[in-house]
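Commentary on secondary and tertiary structure
The residues making up each chain are set out below.
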Amino acid sequence: MQWKSGASSEPQEAEWWKHALRITVYCWAFFAVGWSLALPGAALAYLAKVVRQKEAALGVLFTARGAAYATSSLAGGLIGDALNGGNYGAHLVMSVSMVMAAVGMWAAARVSTVAGLGLALTGTSVAMGALDTVGNMATLRSCERVRSGATSAMSVVHACFGMGCVAAPTAVHHVLQSGRDERA
């Protein structure tokens, strides 16, 4: 690990710990992005039953989610650039995105219409697209401050994204299976 030049190693060590904490929090955020994006696909049969539609009829919702994610990723980049490298603004965007995603996922499990499900899933994708882009920018900026390997940090946060993508279907399967077992 390379350090910025300075007279004392204590401030450098403190900065490194702040950086490590930031990256840890970003990892949890990226885990949530993966979880939020994988969960609806894994729960498609359940969601179709709740809104009384065939699974194939819900396919358009995934196209809308993709468009919302792409659009908000672009908007997140513009917002991130407007923040001029400030972590507080990036953290605010990431926090608001996490709350929006939580509300969207909560609503998706409770709506009974296709339109409501579409709104909930699209809202979640808007939040996750912004979080993804701003989170990437914040990770790179954090690495720049301590001159640590951005490649390693980006690999770790994206591995956490992948773990969220794997964990969501696994959890859905377990929850739905336990519900079947209780009814039997």
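This text follows the structure it describes.
Here is a short report on the structure shown in this document. (Residues numbered from 1 in each chain as written. Predicted model: local features only at pLDDT ≥ 70, side-chain atom pairs only at ≥ 80, totals over all residues. Heavy atoms only, no water.)

**A closer look at the overall build of the protein chain**
The number of helices and strands found in the protein chain is six helices and zero strands. Going from the N terminus to the C terminus, the protein chain shows its helices and strands as α-α-α-α-α-α. Burial statistics for the protein chain: of 184 residues in total, 40% are counted as buried. Considering only contacts within the protein chain whose residues lie at least 6 apart along the sequence, 78% involve residues at least 24 apart. Surface exposure of the protein chain reaches about 10200 Å², of which carbon and sulfur atoms provide 67%. (Helix = DSSP H or I, 4+ residues; strand = E, 2+ residues; numbered from the N terminus. Buried < 20%, exposed > 50% of the residue type's maximum accessible area, 1.4 Å probe, protein only. Contact = heavy atoms within 4.5 Å. Areas by Shrake-Rupley, 256 points an atom, 1.4 Å probe, with all protein chains shown as cover.)

**Some remarks on the nonpolar core**
Counting residues in hydrophobic clusters, the biggest one holds 21 residues, and the most contacted among them are Ile 23, Tyr 26, Met 94, Met 128, Leu 131 and Val 157. Discounting chain neighbours no more than four positions away, the residues touching Met 128 are Ala 32, Val 33, Ser 36, Leu 37, Tyr 69, Ser 97 and Ala 101. Counting residues in each nonpolar core, the second largest holds 18 residues, with Leu 39, Ala 48, Met 105 and Ala 120 among its members. (Core = buried A, V, L, I, M, F, W, Y, C linked by side-chain atoms within 4.5 Å.)

**Quick notes on the environment of Trp 35**
Tracing the backbone through its elements, the reader meets Trp 35 in helix H1 (residues 9-42). C-alpha separation for the pair Trp 35 and Gly 162, spaced 127 residues apart in sequence, amounts to 8.5 Å. If we skip the residues at most four places from it in the chain, Trp 35 touches Gly 164, Cys 165, Ala 167, Ala 168 and Ala 171.

**Here we look at the environment of Lys 54**
Secondary-structure assignment places Lys 54 in the loop between helix H2 (44-50) and helix H3 (59-82). Separated by ten residues in sequence, Lys 54 and Leu 44 place their C-alpha atoms 9.6 Å apart.

**Concerning the packing of aromatic side chains**
Taken as a whole and assessed by the stated rule, the structure comprises three aromatic pairs. Centre to centre, the rings of Trp 16 and Trp 17 are 4.9 Å apart; their planes meet at 85°, and the pair counts as edge-to-face. Where Trp 28 meets Phe 31, the ring centres are 5.9 Å apart and the plane angle is 70°; that geometry is what we call edge-to-face. With Trp 28 and Phe 31 both in helix H1, this residue pair falls three residues apart, about one helical turn. The exposure class of Trp 28 is exposed, given its relative accessible area of 60%. Take Phe 31: its relative accessible area is 25%, and that puts it in the partly exposed class. Counting every residue linked through ring pairs, the aromatic cluster contains Trp 28, Phe 31 and Trp 35. (Phe/Tyr/Trp six-rings, centres within 6.5 Å; stacked < 30°, edge-to-face > 60°.)

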